[in-house]
Amino acid sequence: MAESLFGRVEPFAGDPILSLNDSFKADPRPEKVNLSIGVYTDEKGRIPVLGSVRSAYEQIGFAKRPYLPMDGHPGYRDGVQKLVFGKAHPALAEKRVATIQTIGGTGAVGIAADFLAKHLPGRPVLVSDPTWENHHGLFQRAGFETTTYPYWDRANRSVDFAGMVKALEAAESGSIVVIQPVCHNPTGVDLGEEQQAAVTDVLVAKGHVVVFDMAYQGFGTSVDADAAFVRRYAERASCLVANSFSKNFSLYGERCGGLSAVCRDADEAERVLGQLKLAVRRSYSSPPMTGGLLVATVLGNDDLRAQWTREVDEMRTRMDAMRKLLAEHIRALSNEADVNFLLSQRGMFSYTGLREQQVHDMRENDGVYLVGSGRMCVAGLNEENVPKVARSFVAARQV
């Protein structure tokens, strides 16, 4: 046989989080605990089917369906706009927001990167340090070089606000800046309202192009409060907003997300929408139908929308309760362990401050799985496994 065309293809080391999840599945220990992958599970460790989504499924039924348009289901797009920006936002009233349905939040960020690569090529891309690793990957795939701005203050387990502002001020004018407005992944720490305002002033003054990645709307304070940063920013400047329904609709496998571009006027929005549709056509052609119909049905029905909001509140409340319970158990075991960070961080994740070796020890000794950076998915906690996690945490800290 002739020399292989693919002989020099490098092996794939695997995604660190997804590979860790595979290791968890292969672990035979019955009391193992998965706090690695970002998936919400209920008190019994199950991915919930939301009642609002179940009702929507009963309404849409199952039938032969054609492809969705490139930009997605009209009701879905309308629902995304009202959820992200609020029904009364001036940008919506002026019809200067272009929105498409995407394949999850990852697809939204990917299309944003492709769109910007075509229309604003060669600009620096800044993401937070640390961040969701795919922020680097998706923009690099589109041809950008990425760098970081300070975000995590390890000593105080808080936002390095001064470092962030300094870096954004020093960045080349017109840089692309990726910001997680709420429930930051992986740290769980967010900018306060005054900090958001100060960062906005810098971003606008420097003419930076902001890409908001809002994957956890509703898991911080409330559905509306979590979008406040985005809504205020969109009143002052153009931006791109990626959002996801994987977590807050518990529709992980259905791949439901959205991408919205806030433009100068309605004419610009129409032209941008056309280019976003072209980017979709060149990528995956059209988004999935069933998930789109489910989200559109829930967000387009007042009763189902209210039910869904209550269900999101219940998920957030359970995660908050697990943070408090874990802190109580750790305090009961060790007066020296600082657990205030558990109560101040928000959303699905907590940056524990554990070193990689300590995380390794928890996994090997106790079957408690965290990401190597020390990130913990608090949604994987429940009343049954919290005592075990607390003991493992304290033991690891003593090493």
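Structural notes, computed from the coordinates. (Residues numbered from 1 in each chain as written. Predicted model: local features only at pLDDT ≥ 70, side-chain atom pairs only at ≥ 80, totals over all residues. Heavy atoms only, no water.)

## Thoughts on the environment of Q195
Now for step 1: If you trace the backbone, Q195 turns up in helix 8 (residues 193-206).
Now for step 2: Through-space distance from the C-alpha of Q195 to that of A162 is 9.8 Å; in sequence the pair is 33 residues apart.
Now for step 3: Each residue touching Q195, except ones within four places of it in the same chain, is listed here: F161 and D190. (Helix = DSSP H or I, 4+ residues; strand = E, 2+ residues; numbered from the N terminus. Contact = heavy atoms within 4.5 Å.)

## Describing helix 1 (residues 16-26)
Each turn of an α-helix holds 3.6 residues, which means side chains three or four residues apart point in the same direction.
Now for step 1: Where helix 1 is concerned, the buried positions are I17, L20, N21 and F24. For helix 1, the buried positions fall inside an angular range of 105° around the axis, keeping them on one side. The outward face of helix 1, more than 90 degrees from its buried face, is lined by the exposed residues K25 and A26.
Now for step 2: On the buried face of helix 1, the contacting elements are strand 1 (33-34), helix 14 (356-366), strand 12 (368-369) and strand 13 (375-377). (Buried < 20%, exposed > 50% of the residue type's maximum accessible area, 1.4 Å probe, protein only. Arc of directions from axis to C-beta.)

## Topic: helix 9 (residues 228-236)
Now for step 1: Among the residues making up helix 9, those that are buried are A228, F229, V230, R231, Y233 and A234.
Now for step 2: Elements that come into contact with the buried residues of helix 9 comprise helix 3 (74-85), strand 7 (176-179), helix 8, strand 8 (209-214), strand 9 (239-244) and strand 10 (256-262).

## Some remarks on the packing of helix 8 against helix 9
Now for step 1: Across the interface, helix 8 lies against helix 9 with an axial gap of 11 Å and an inter-helix angle of 30°. Accordingly, the angle class assigned to the pair helix 8 and helix 9 is roughly parallel. The handedness of the crossing between helix 8 and helix 9 is right-handed. Contacts from E193, Q196, T200, D201, L203 and V204 of helix 8 reach helix 9 at F229, R232, Y233 and R236.
Now for step 2: Tallied by class, the residues present in the contact of helix 8 with helix 9 amount to 4 nonpolar, 2 polar and 4 charged. (Axes fitted to C-alpha atoms, helices over the stretch in contact; angles between N-to-C directions. Parallel < 35°, antiparallel > 145°, perpendicular 65-115°, else oblique. Left-handed = near helix turned anticlockwise from the far one by under 90°. Nonpolar A, V, L, I, M, F, W, Y, C, P; charged D, E, K, R; others polar.)

## Quick notes on the pattern of salt bridges
Now for step 1: What the rule picks out here adds up to 15 salt bridges.
Now for step 2: Two residues, R141 and D114, come together in a salt bridge whose shortest N-O distance is 3.5 Å. Linking R141 in helix 6 (residues 134-141) with D114 in helix 5 (residues 104-119), this pair joins segments that are 27 residues apart in sequence.
Now for step 3: By relative accessible area, which is 54% here, R141 ends up exposed.
Now for step 4: Two residues, E193 and R232, come together in a salt bridge whose shortest N-O distance is 3.9 Å. (Salt bridge = Lys/Arg side-chain N within 4 Å of Asp/Glu carboxyl O.)

## Section: a nonpolar patch on the surface
Now for step 1: A grouping of L5, F6 and V9 is seen on the molecular surface, where their side chains present a nonpolar patch of about 410 Å² in accessible area.
Now for step 2: When its relative accessible area of 59% is taken as the criterion, V9 is described as exposed. (Patch = residues over 30% accessible without salt bridge, like charges linked within 9 Å, V, L, I, M, F, W, Y side chains within 5 Å. Areas by Shrake-Rupley, 256 points an atom, 1.4 Å probe, with all protein chains shown as cover.)

## Quick word on the side chain of N382
Now for step 1: You can see N382 is positioned in the loop between strand 13 and helix 15 (386-397).
Now for step 2: Polar side-chain contacts of N382 include one of 3.5 Å to the backbone oxygen of E43.
Now for step 3: Here N382 is in contact with E43, G45, R318 and M322, once residues within four sequence places are set aside. (Polar contact = N/O pair within 3.5 Å; in protein donor to acceptor, adjacent residues only side chain to side chain.)

## Focus: unusual backbone geometry
Now for step 1: The linkage connecting D129 with the following residue, P130, adopts the cis geometry, with an omega of 5°.
Now for step 2: Note on placement: P130 falls in the loop between strand 3 (125-129) and helix 6.
Now for step 3: With an omega of 20°, the peptide bond between N185 and P186 qualifies as cis.
Now for step 4: Topologically, P186 is positioned in the loop between strand 7 and helix 8.
Now for step 5: Of note in this structure, R255 is not a glycine but carries a positive phi near 55°.
Now for step 6: Checked against the element boundaries, R255 lands in the loop between strand 9 and strand 10.
Now for step 7: Overall, R255 belongs to the partly exposed group, its relative accessible area being 29%.

Any link to function would need more than the numbers given here.
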